[in-house]
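Topology and contacts: notes
Residues per chain, in single letters:
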2 protein chains.
Amino acid sequence: MADTRRLLELLRVRHPVVQAPMAGAQDQELAIAVGEAGGLGSLPCALLTPSDVRRMVGQFRQATRAPLNLNFFCHSAPAPDATADAEFRALLAPYYRELGVDARAPGSAPERQPFNREHCGLVEELRPEVVSFHFGLPTPELLRRVRATGATIMASATTVAEARKLTAAGCDVIIAQGAEAGGHRSMFLTSDVAGQVGTFALVPQVVDAVNVPVLAAGGVGDARGVVAALALGASGVQVGTAYLFCIESRISALYRRALTMAHDDETRITNVFTGRPARALRNRLVDELGPLNAAVPAFPLAANSLAPLRAHAERAGLADFSPLWAGQAAALPGQRSARELTLLLARAAGTA
Amino acid sequence: MADTRRLLELLRVRHPVVQAPMAGAQDQELAIAVGEAGGLGSLPCALLTPSDVRRMVGQFRQATRAPLNLNFFCHSAPAPDATADAEFRALLAPYYRELGVDARAPGSAPERQPFNREHCGLVEELRPEVVSFHFGLPTPELLRRVRATGATIMASATTVAEARKLTAAGCDVIIAQGAEAGGHRSMFLTSDVAGQVGTFALVPQVVDAVNVPVLAAGGVGDARGVVAALALGASGVQVGTAYLFCIESRISALYRRALTMAHDDETRITNVFTGRPARALRNRLVDELGPLNAAVPAFPLAANSLAPLRAHAERAGLADFSPLWAGQAAALPGQRSARELTLLLARAAGTA
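So, here's what we can say about the structure. Quantities reported herein were computed from a predicted structural model and do not represent experimental measurements.

Size of an interface, as often reported, equals the accessible area lost when the parts are brought together. The interface of chain B with chain A comprises 36 residues on the first partner and 36 residues on the second. Interface of chain B and chain A: buried area, both sides summed, is about 2,800 Å²; carbon and sulfur atoms make up 59% of it. It is B:Phe200, B:Arg224 and B:Asp264 that lose the most area in chain B upon contact with chain A, and together they represent 25% of the buried surface on that side. If you look at where chain B meets chain A, you find 4 salt bridges. We note a salt bridge from A:Arg268 to B:Asp192, for which the minimum N-O separation is 3.0 Å. Remark: the boundary between chain B and chain A carries 14 residue pairs in polar contact (both at pLDDT 80 or more). For the side of chain B that touches chain A, the secondary-structure elements that each account for two or more residues are α8 (199–209), α9 (223–231) and β10 (267–270) of chain B. Class assignment for the residues of the side of chain B that touches chain A results in 18 nonpolar, 11 polar and 7 charged.

So, about the state of the cysteines. For the structure shown, the criterion picks out 0 disulfides over all chains. No disulfide involves A:Cys120; its nearest neighbouring cysteine sulfur is the one of A:Cys74, lying 11 Å away.

A few words on the packing of aromatic side chains. A complete count under the given rule lists 16 aromatic pairs over all chains for this structure. When the ring of A:Phe72 is compared with that of A:Phe115, the centres are 4.8 Å apart and the planes differ by 65°; the resulting orientation is edge-to-face. Taken together, the residues A:Phe72 in strand β3 (residues 68–73) and A:Phe115 in the loop between α4 (82–99) and α5 (117–126) connect sequence positions 43 residues apart. Among the residues examined, A:Phe72 registers a relative accessible area of 1% and is labelled buried. Among the aromatic residues, those joined into a cluster by ring pairs are A:Phe72, A:Phe115 and A:Phe133. A cation over a ring is seen here: A:Arg276 above A:Phe135, with NZ or CZ 3.8 Å from the ring centre. Over the face of the ring belonging to B:Phe299 we find B:Arg276, whose NZ or CZ atom lies 5.9 Å from the ring centre.

Turning to the pattern of salt bridges, a few remarks are in order. Scanning all chains against the criterion turns up 32 salt bridges over all chains. Across the pair B:Arg117 and B:Glu141 runs a salt bridge whose closest N-O atoms are separated by 3.8 Å. One end of the pair, B:Arg117, is in helix α5 (residues 117–126); the other, B:Glu141, is in helix α6 (residues 140–148), and 24 residues separate them in sequence. Residue classification places B:Glu141 among the partly exposed residues on the basis of a relative accessible area of 33%. When salt bridges that share partners are traced, they join A:Glu98, A:Arg284, A:Glu288 and A:Asp320 into one network.

Criteria and cut-off values
Residues numbered from 1 in each chain as written. Chains lettered and ligands numbered in written order. Predicted model: local features only at pLDDT ≥ 70, side-chain atom pairs only at ≥ 80, totals over all residues. Heavy atoms only, no water. Contact = heavy atoms within 4.5 Å. Buried area = accessible area lost by both parts, 1.4 Å probe. Salt bridge = Lys/Arg side-chain N within 4 Å of Asp/Glu carboxyl O. Polar contact = N/O pair within 3.5 Å; in protein donor to acceptor, adjacent residues only side chain to side chain. Helix = DSSP H or I, 4+ residues; strand = E, 2+ residues; numbered from the N terminus. Nonpolar A, V, L, I, M, F, W, Y, C, P; charged D, E, K, R; others polar. Disulfide = S-S within 2.5 Å. Phe/Tyr/Trp six-rings, centres within 6.5 Å; stacked < 30°, edge-to-face > 60°. Buried < 20%, exposed > 50% of the residue type's maximum accessible area, 1.4 Å probe, protein only. Lys NZ or Arg CZ within 6 Å of the ring centre and 35° of its normal.

Function cannot be read off these values alone, since they describe shape.
Now the structure itself:
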């Protein structure tokens, strides 16, 4: 429990429960509910404009005095690649034809910018208590500026080597993201999905390798997962998929329905939606073009070519082209409020 | 703990610790040491002749009154396929040339027979207290005969659907084999490795799905893993890789050296060694032909074409073509005796 106490100090919360930032699936309401219950609420900023972030943080601050985690991506923004784009469009052409969507329609997926000076300015302005990074870390200069705000800095590691690299750069908390986790793999020192490590094996090895508190992520779907994570040496948990089931999440009815029918073996780590490996429920696109396809353009450009197709299919009630991010334990959590879920996990951790 | 008590009754042991049967890596000495320490020792019979099994069981019975688990494979034996064999030989030809091994040398890998009447006769003759199956179950008739001996029947599941199928057929104990586990994936209702489920997510879902005790397998490398497995709802653990480090295991110096240098992310689920997916440390063959290669002949025929190459390389001190089976937590256990390891795990389970 020594490290759990340290974690609670660093995150300024009562419970060692972090709501995973889930871009596109939540707004401040989920973070507020988690924060009010004593966990750490997170806002995923990767898909948001600065003014969106300002507005959401403002609403969060108005609603609660709980601390807040702002999450950013740290990928390298790829140069537009017309050849790769054309190759992917060709792969998608049969779907465009089948759905009667104009294949020349410009893609309109929300932009995903890596953490930059503008984001850093936002952090300096909005002063989140915690800042977390995915896909590695920003430049040393930007990281210094974030640290200078007094924010606790967290980042995700999918291997021991990544955890070591992150702590060497000064991360205060490591999120050990096991292979079971839904959404994008944070992998940044490797691109080989086949070497990704399961939560059960990853957590104790990361704990042994670093001197900072470790959050277990991936497969934590109920109280049992919290107890197990702490037994493996984690100081707390980061939970994503289970929070998607909460009424405060902002997912489509299609997505919600798919989640409630999820089985243990029905997710895949796939790059077909964005160009980076991420765990999602199987659907038509994953099955027919994936799970991993070398012709998919670099992250995040792939999403652009898919956007018109996805929008059209969703209007027709089909989730065939939608990324249904989910972890391998999606069958464990039931539907409940984010407050109830946070307290259930907190009770398992022994802090509520 | 209710289910742990039930497990201990079924396995007739003091501690909820099962030594995983590891074909080619152990003999009765490991099983004896584990049994004497109060765990369940296992003998992998898949690579053994009936007379080998008789001899080893005889030595086990002479050394200890502990119960014994005999383990068998339940794959479908493939018909010899000259075309597939030739295709694989062609893939391997550059290695044969490089090492100066006669590519026409007949392969001589030990035969791997699925559980058959002869094996069943052995079980009836030798009366192991426990019989465990990998790759599904034998025919209903053979299973009935095994049950009639009074043996407790265990089998491995890699998904909830497999666990349900095994319990419906009357298995007394389910081994939930998470994706972290070393050696062959027991998968028998699916061949899609990408859908395999991590231990952390698999165990609670299997526990929820079946009414028999569940052993957690995959990633249990030290005391923390035992506590975590029980927290997830398992009644006990099956441990493989950690027992390979014990002085009682029968692995080559090459294999032992590779294990001691293993990192979390250096194993792959590969079919290149036998034709079936199995987790092993990366080596030259895995990296250059695998991890998964559609041209590898059906299990277990692939091993034949590799045997001369492997033998030659091993004599030269190279593990380039050897299956170095290992789980993702190989960096956790240290070297100790099988007795010490069993008692360490038992103390974590609260039974020692």
